[in-house]
Amino acid sequence: MTADLAAEPAPELPLWNDPALPVSTRVDALVAAMTLQEKTAQLYGVWAGASDEGGEVAPHQHDMEEAIDLDALLPNGLGQLTRPFGTVPVDPAVGALSLARTQARIAAANRFGIPAVAHDECLAGFAAWGATAYPVPLSWGATFDPDAVRRMAAAIGRDMRSVGVHQGLAPVLDVVRDARWGRVEETIGEDPVLVGTLGTAYVRGLQSAGVLATLKHFVGYSASRAGRNLAPVPMGVRERADVLLPPFEMAVREGGAHSVMHAYTDTDGVPAAADEQLLTGLLRDTWGFGGTVVADYFAVAFLKTLHGVAADWADAAGTALAAGVDVELPNVRTFGAPLVRAVTEGRVPEAFVDRALRRVLRQKAALGLLDPGWSPVPSALDGADHDDPDALRGTVDLDRPGNRRLAREIAEKAVVLLGNDGTLPLDRPRRIALVGPNAAEPTAVLGCYSFPQHIGVRHPGTPLGIDLPTLRDTLAAEFPDAEITVARGTGVDDGDLSGIPEAARAADGADVAVAVLGDRAGLFGRGTSGEGCDAETLVLPGAQQQLLDALLDTGTPVVTVLLAGRPYALGRAVAESAAIVQTFFPGEEGTHAIAGVLSGRVNPSGRLPVSVPRSPGAQPSTYLGARLAHASGVSSVDPTPAFPFGHGLSYTRFAWADLDVDAPQAPTDGEFTLALTVRNTGGRAGSEVVQLYLHDPVASVVQPVRRLVGYTRVELAPGEARRVRVTVPADVASFTGRDGRRVVEPGDLELRLAASSADPGLTAGVTLTGAVRQVDHTRRFHATFEQHAQG
C-alpha cells in the first residue's frame, strides 16, 4: 500500500447511515433526499412467502389483490415484507436464508440500501412451520398470570428475531362483548383490566426480544352487531372509552407498544381507517403514541369497496393517510401509483406522505436497518453455509424443549375446573369411555392463527411440524392400567347422530365417561371458531349437545371436557355432569395439561376470562352489565351465567380472613390500602386467584354492578398462609362522565376481594372525599398487590 493510498480519507457516510447522529437528523436527511415514488414505497408491503428451496421469496397471489411485479417495485424500495414464514410451509433455516437473500436484493435495488421490515403473525406463537403452538389468548386470560404471558412472548420474540422477523401482529386487545363472535378465541377475555394487564405483559415480552408488537384491533371490532365479523359497531362513547379503549391505553403507556393496527369496522358510520379523531387526535395527540399505525389487511381498499367513503383508490389512500394510517398491508393497492398520482395532482398533500414516512423510517433506524453495518443474515444463520440450503434443513429448532415446557406451564395454569362433585381427580379407573369429536383429534388444541390450522390445512400432504398428542394418547399415558374405549359419537359440526348409540354403549360399560367436545378452529366458515366463524347461538356446534345428553342418560359419571374457542351453554350438563373441565385451545401441550388435571397430577388453577352462559340465546351479555343488564322480573330472558367471570375450582381449599382497611376515606386523588390473609386449608399445594372488584352504588352515569380493578395469583403449600396487601388508587373508580371527560367522583364505594365476579368475598366500604377530579391516560389503571409470608 502506498503512502498516498493510506492517507486517502474514507468515503463520507451519508447522514442517514450515521448511527452517531440523532435519529431525527438521520430521518430528515433521508426524507429530503427521496423522490415521491421512493417515499410512498416505504409505506406499503408485499405479501411474499419464503422459498423452501432457499431462493428469494415469491410474491403471494391473494384473491383480493392484483399480481405484484417485484422487479418494477424494488428500485424505489419497499416498506414491509408480509408474512414470509406464515404463507407456505418452509423449513425455518431455509426460510431464514430465503428471507436474507430477499432482504439483500431489496437493499441492493434501492439507492439508499434500505431493507424491508418483515412482519408475521404471532398470536399463539410464531405462525411458522415447526414453531411452538402456545395456548390461544383466551387461555392466557384464564391464567390470570401476566408474568407467564410475558415470558411466553419473550420466547416467541426470540424465535422470530432469530430468523429475521422484525414485527409481530399481536396482541389482540379487543374486549369480548358478544361470545358469538368468531374471534373470541383471539381475545384475552371480557374484562378490560384483565385484557390490558395481560396484553401489556405480552407487549413487554415480545419487544424485549427486539420484535415490534402490534396492538389489534383499534378499536371496537369485538363490539360488532350480533357478533358478526366485520359488521357495523353500534357502540356509544362511554362503552368505547370505558371498556374498549383502556387495554390499548395500558399497552401504549405501560407497555410502550411500537405499532397499532386499526380495526376493520365502522363505528357510528366512521370506519376506523378513516377516523382522524381516533388515529391522530386520541392515539397520537392525546396519548403521545410515537410508533406506526398499520392497516389491517386490505382495509385501506375497503374504504372504497366495503365502506363506500372513498371514490377511488387514490381517495382511499388520501383518506387513510389523513386519518393517521402509516402503512398499507398486506400488499400495495392504494399507497403505490394511485397515491403518487393523487399527490402529483394536488389531491393529497405530500405532507401526509412525509408524516407517515418519518414514522416508518424512525422504526427502521431503531431496528438498525439504516446502519452501515446492517447485515441481512439473522442470528440463526450465523456461521452457516449460505450456499447450501439442503445442508441448513433441520438446523433451526423453533420448538425447543424450553418452549414446550413454557407452553405446558401456561396450558396447565389455563385449565378451568368449572364443576366437580368429587369425581375428579379420577381414582385409578379400570374402564374409561373417551367419547366425542375431539377425543382423538390432534389439532383440537389449536386456534385459527396456529400455523397448522391457518396455513397447513391448505397443504394436506405436509407434516404438522410439531408433536400434537391427542387426549387419547395422553390419557393412556396418565392411566396406563385403564382400559380406554374411544367412540367419536358425532362430528364437531356435521350433525351426524348415527354414532351416538355406540358412544352411549361405551359409556354405559365404563367406570367414567370423558366427553371431549368443543370446536374446530378455522377461517371464514371452515371452522366453528375463528375469524369469520361466527355463531348464531351458543349451543354446542352440530349434534354435540345430543351426544352429551345421551351420555348423561346412561347414569355413568360424565366428565365434560371442552376444547373450544368460546364458551358454550351446556344444558343439562351444568347440573348433571360429574365434573366440567373448560379449556380454550390450549396449544401443543394442552392434552398433557388436561390429562394431568383428570388424574390429579395437576391441581387446576385457571379462572374464567369469559362467563359461561346458562342459556344459549342470552347474548350479547357480559358480567360488566349495569343493573338493567341483569336478571329482572320484567323480562323472560335471564342472562345470569351458569359460571361467572373469574370462576374456577381447585383440588384444595382456601380460607380468606382478617380483612383490614388502613383508612376508610381517601380524597379523589388518593388511594386505599386493603389487606387479607389467604390460607391453604387443604391437603395439597394450590393456587388461589384473589380478584378485586369495585362497586359504585351512586354515580352521575350508569355503572356496571361490579368491575374488576386488580388481581393476583397466590401460590400456597398445604397449610401455608400469605398476607395479601392491595393498593387501590382512586383512579380505578374513574369513568366517562356526562360531558365526555373521565372523572373520579366523591362518594361511597364497595371494594370486594373475591374468588369470582359472583363470589360474595370480603367487602370493604370506603368513601372518596373532595371535589370531582378529572383524569386522563396518565392515570393509574389498576390496583397493585404485594404478598408476604404469614405464620
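Throughout what follows, the structure given in this document is the object of discussion.

About the criteria used
Residues numbered from 1 in each chain as written. Predicted model: local features only at pLDDT ≥ 70, side-chain atom pairs only at ≥ 80, totals over all residues. Heavy atoms only, no water. Buried < 20%, exposed > 50% of the residue type's maximum accessible area, 1.4 Å probe, protein only. Helix = DSSP H or I, 4+ residues; strand = E, 2+ residues; numbered from the N terminus. Pairing = 2+ DSSP bridges. Contact = heavy atoms within 4.5 Å. Axes fitted to C-alpha atoms, helices over the stretch in contact; angles between N-to-C directions. Parallel < 35°, antiparallel > 145°, perpendicular 65-115°, else oblique. Nonpolar A, V, L, I, M, F, W, Y, C, P; charged D, E, K, R; others polar. Salt bridge = Lys/Arg side-chain N within 4 Å of Asp/Glu carboxyl O. Core = buried A, V, L, I, M, F, W, Y, C linked by side-chain atoms within 4.5 Å.

## Examining the pairing of strand 7 (residues 259-262)
So, point 1. Here strand 7 shows a buried face lined by Ser259 and Met261 and a second buried face lined by Val260 and His262.
So, point 2. Across three bridges, strand 6 (residues 212-218) lies against strand 7 in parallel orientation. Along strand 7, the bridge assignment pairs phenylalanine 218 with histidine 262.
So, point 3. In terms of strand pairing, strand 7 meets strand 10 (residues 292-294) through three bridges, oriented parallel. Directly across from serine 259, in strand 10, lies its bridge partner threonine 292.

## Thoughts on the sheet that holds strand 27 (residues 773-774)
Whenever strands of a sheet pair, they do so through backbone hydrogen bonds, lying parallel or antiparallel.
So, point 1. As summarised here, the arrangement of the three strands in space is 23-24-27, forming an open sheet in which the pairing is antiparallel. Lying at the two open borders of the sheet, with one neighbouring strand each, are strand 23 (735-736) and strand 27.
So, point 2. Looking at chain direction, strand 24 (residues 742-744) and strand 27 are connected through two bridges and run antiparallel. Opposite valine 744, over in strand 27, you have arginine 773 as the bridge partner.

## Here we look at helix 21 (residues 544-553)
So, point 1. Summarising burial for helix 21: eight of the 10 residues are buried, a large majority.
So, point 2. Among the residues making up helix 21, those that are buried are Gln544, Gln545, Leu547, Leu548, Asp549, Ala550, Leu551 and Leu552.
So, point 3. On its buried side, helix 21 packs onto strand 12 (431-435), helix 20 (500-508), strand 14 (512-518), strand 15 (558-564) and helix 22 (573-576).
So, point 4. Immediately beyond the C-terminal end of helix 21, within one or two residues, lies glycine 555, with a positive phi of roughly 85 degrees.

## Things to note about the packing of helix 13 (residues 313-323) against helix 14 (residues 337-344)
So, point 1. At a minimum axis separation of 8 Å, helix 13 and helix 14 run at an interaxial angle of 80 degrees. When the axes of helix 13 and helix 14 are compared, the pair comes out roughly perpendicular. Between helix 13 and helix 14, the contacting residues are Trp313, Ala314, Ala317 and Leu321 on the first element and Pro338, Leu339 and Ala342 on the second.
So, point 2. Here the contact of helix 13 with helix 14 is composed, by residue class, of seven nonpolar, no polar and no charged.

## Overview of the pattern of salt bridges
Between side chains of opposite charge, pairing is possible as soon as their charged atoms come close.
So, point 1. Here the structure, examined in full by the defined rule, presents 46 salt bridges.
So, point 2. Across the pair glutamate 409 and arginine 151 runs a salt bridge whose closest N-O atoms are separated by 2.7 Å. A residue pair is termed long-range when its members are at least 10 positions apart, and glutamate 409 in helix 17 (residues 401-414) and arginine 151 in helix 7 (residues 146-162) qualify at 258 residues.
So, point 3. Classification of arginine 151 by relative accessible area gives partly exposed; the value is 28%.
So, point 4. For arginine 572, the salt bridge is made with glutamate 576, and the minimal N-O distance between the two is 2.9 Å.
So, point 5. Residue arginine 572 is classed as partly exposed on the basis of its relative accessible area, which comes to 30%.

## Concerning the nonpolar core
So, point 1. Membership of the largest hydrophobic core comes to 185 residues, with the highest contact counts inside it found for Phe126, Tyr202, Phe218 and Phe335.
So, point 2. With eight residues, helix 8 (residues 192-208) is the single largest residue contributor to this core.
So, point 3. Excluding anything up to four places from it in sequence, tyrosine 202 contacts Cys122, Trp140, Val149, Met152, Ala153, Ile156, Ala170 and Pro171.
So, point 4. Formed by 33 residues, the second largest nonpolar core is a distinct cluster that contains Leu424, Ala482, Val512 and Ile594.

## Thoughts on the environment of valine 31
So, point 1. Position of valine 31 relative to the elements: it lies in helix 2 (residues 23-33).
So, point 2. Apart from residues lying up to four places away in sequence, valine 31 is in contact with Lys39, Asp354, Leu357, Arg358 and Leu361.

## Notes on the sheet that holds strand 21 (residues 707-716)
So, point 1. Sheet architecture is open: five strands sit in the order 18-26-25-20-21, paired in mixed fashion. Only two strands of the sheet have a single neighbouring strand rather than two, namely strand 18 (665-667) and strand 21. On average, each strand axis in the sheet is inclined to that of its neighbour by 25 degrees, with strand direction left out of account.

## A few points about unusual backbone geometry
So, point 1. Omega for the peptide link from lysine 216 to histidine 217 comes to -10 degrees, which places this bond in the cis form.
So, point 2. Structurally, the position occupied by histidine 217 is in strand 6.
So, point 3. That bond from leucine 329 to proline 330 is cis: its omega, 0 degrees, falls within 30 degrees of zero.
So, point 4. You can see proline 330 is positioned in the loop between helix 13 and helix 14.
So, point 5. At arginine 83, a residue that is not glycine, the phi angle is positive and equals roughly 50 degrees.
So, point 6. Tracing the sequence through the fold places arginine 83 in the loop between strand 3 (80-82) and helix 5 (92-109).

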